[in-house]
Amino acid sequence: MKVLGAMQDWSMRVTAIIDHAAREAPTREIVSYWADGSETRTDWAGIHRDAKKIAQALLALGIGRGDRVASLAMNHSRHLVSWYGVAGMGGVLHTCNPRLFDDQLEYIVNHAEDRVMLYDAAFQPIVDRMRDRWPTVEHYICFDSGAHALAFEDWIGAQNGDFAWVEGEERDPCMLCYTSGTTGNPKGVLYEHRSTVLHALAGLQPAAFNLSASSVMLPVVPMFHAASWGLPYAGAMAGIKLVFSAVNDPAVLHGLMEREGVTDSAGVPTVWLAHFQYCDAHGLELPRLRAATIGGSAAPRFMVERLMKNGTRVQHAWGMTETSPIGTVGGPTHDWDQLSFEEKVAKTAMQGRPVFGVELRTVSLDDMETELPRDGASSGALQIRGPWVIKRYFKADEDAARPDGWFDTGDVGVLHPDGTLQLTDRTKDVIKSGGEWISSVELENAAAGHPAVAEAACVGMPHPKWDERPVLFVVKKAGEDCRAEDILAHLTPLVARWWLPDAVEFVDDIPHTATGKISKKDLRARFADYRLG
Ligand code: ADP
């Protein structure tokens, strides 16, 4: 049949991103602040050149297509070089989270069958501890010192960079990232070239991270955590200036933001909290950022308010490792100019709206099947589908997503008529009392507003009559005192009466996961014998 016309084949591979950056924004800078306090500068042309060298160096080691190369590293330009270089030689970069517990690090490196380990000198103790437990790793290369292993610069310095990217399919894998595994072993999420390119394109848009050539981004979110939210890819597409810090000290971040003219930053709420505390303690103004992306856990209202008062647009984002991670991002809604400041803060404290490419729906928690209306009130299990959402975990025998694509996020939320997602809980943490659902997160957030509360965690405890009832565990701030009655009195005007916890227990600490989230699994285990009623 005669072809009527056609568009070109153009492979959606990660290499196209770095080729574009090197061609269109060759001198746009990439600044790195290192663990030893030194700073280096390169640019997109330099990243491209070194990525070619690392690709050559890996091939010279006998690493082949589909092989896994691990990184155990903070944010810096050499880590970025490995992102593009490993993908460019057809390999898969497995970004390991150095905060995982040793047993998890043993599991993920063996499960991934990593052949090379690229690591920061700061993690030498981890490497020394784990080396015998990582039998698949044949080569250790240190990003920033050659004291105990081959030094990265020497290793790639032996190559000439004259190299054509290894070609392949769009659906080939390029990166592997494990979830921290709040239940059972960590699970590997395999990102593909195509999913990565599409995800980065979505991240660029004004309704998401709003990046352009004038952006200067300091991503605090680690490159080992859900691919730093795709920012190093989206940033290359837009030709932005990137500022990396290998340390998360607020003094360093603040200094970099001021000196390097940072316009945008991204991190979990605790990063922003630490920044507020640093500025307050030193009588400093918050940096006047254009935009602050907050995600990974809910951005508290006071945080949103303070940043917005400082003239910073707050992009509250929701996602997970399984969704590459962008699901929703908060930006101005159609009625933004008509909203009062309070209304804008309230809207921004919700989790934003889906970007093009992903679809969201909520289903009944009772049958996990019946789709709920987007009425701003019905709370249900959140499901997602799209081209950068997981279909099957690495090496799993079965799909994680349903045959129609919907993937259960494990989150509970409400969808509003304008598409805004409001997250209310996790499906395994929501409390079922007398056939009705109580949000543990809302109780925690309300309790956290009490001036004597440092941290609060709420779990459903078995109850003879109601099935489950909420119990609130509270860590008091140092030097502060309060009684259970005070907390309950504080909660009374904030939540429905039947939501009020049956007990408030004061504890010295609340267990956390390796990524710093409250571990309700461990909290429940600690109070396994707890009885109500
Ligand atoms: P891990 O599973 O390793 O802790 P993820 O980044 O994959 O890391 O965690 C994803 C989960 O984090 C989501 O399912 C959700 O429960 C929570 N989360 C992410 N962003 C937000 C947000 N903006 N508000 C509330 N919770 C969030």
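Here the structure is shown first, and the text comes after it.
Residues numbered from 1 in each chain as written. Predicted model: local features only at pLDDT ≥ 70, side-chain atom pairs only at ≥ 80, totals over all residues. Heavy atoms only, no water.

Before going further, it helps to spend a moment on the pattern of salt bridges. Under the counting rule described, the total for this entry stands at 36 salt bridges. Notably, a salt bridge pairs Arg133 with Asp103, separated by 2.9 Å at the nearest N-O pair. Within this pair, whereas Arg133 is found in the loop between α5 (124-130) and β6 (139-142), its partner Asp103 is found in helix α4 (residues 102-112), the two being separated by 30 residues in sequence. Asp103 sits in the exposed class, given a relative accessible area of 58%. (Salt bridge = Lys/Arg side-chain N within 4 Å of Asp/Glu carboxyl O. Helix = DSSP H or I, 4+ residues; strand = E, 2+ residues; numbered from the N terminus. Buried < 20%, exposed > 50% of the residue type's maximum accessible area, 1.4 Å probe, protein only.)

Right, let's talk about the site of the ligand for a bit. Surveying the vicinity of the ligand reveals 17 residues, the closest of which are Ala317, Thr321, Asp411, Arg426 and Lys517. Measuring from a nitrogen atom of the ligand, one finds a side-chain N or O atom of Gln351 at 3.0 Å. Between Arg426 and the ligand, the recorded distance is 2.8 Å, taken from a side-chain N or O atom to an oxygen atom. Isolated, the ligand exposes 580 Å² of accessible area, and the fraction of that covered by the protein chains is 88%. Elements with a minimum of two residues in the shell around the ligand: β14 (313-319) and β20 (421-426). (Near = heavy atom within 4 Å. Polar contact = N/O pair within 3.5 Å; in protein donor to acceptor, adjacent residues only side chain to side chain. Areas by Shrake-Rupley, 256 points an atom, 1.4 Å probe, with all protein chains shown as cover.)

Ranked by size, the top nonpolar core spans 80 residues in total, and within it Trp44, Leu58, Leu80, Tyr84, Trp155 and Leu211 carry the most contacts. Among the elements that line this core, the one with the most residues is helix α2 (residues 44-60), at 7 residues. Split by domain, this core shows at least three residues from each of two domains, domain 1 (20-267) and domain 2 (359-426). Those residues in contact with Leu211, other than ones at most four positions away along the chain, are Leu204, Met217, Leu231, Ala234, Gly235, Ala238, Ile240 and Asp264. Judged by nonpolar contacts, the second largest core, of 29 residues, contains Trp272, Tyr278, Val304 and Trp336. (Core = buried A, V, L, I, M, F, W, Y, C linked by side-chain atoms within 4.5 Å. Domains from an automatic or database assignment. Contact = heavy atoms within 4.5 Å.)

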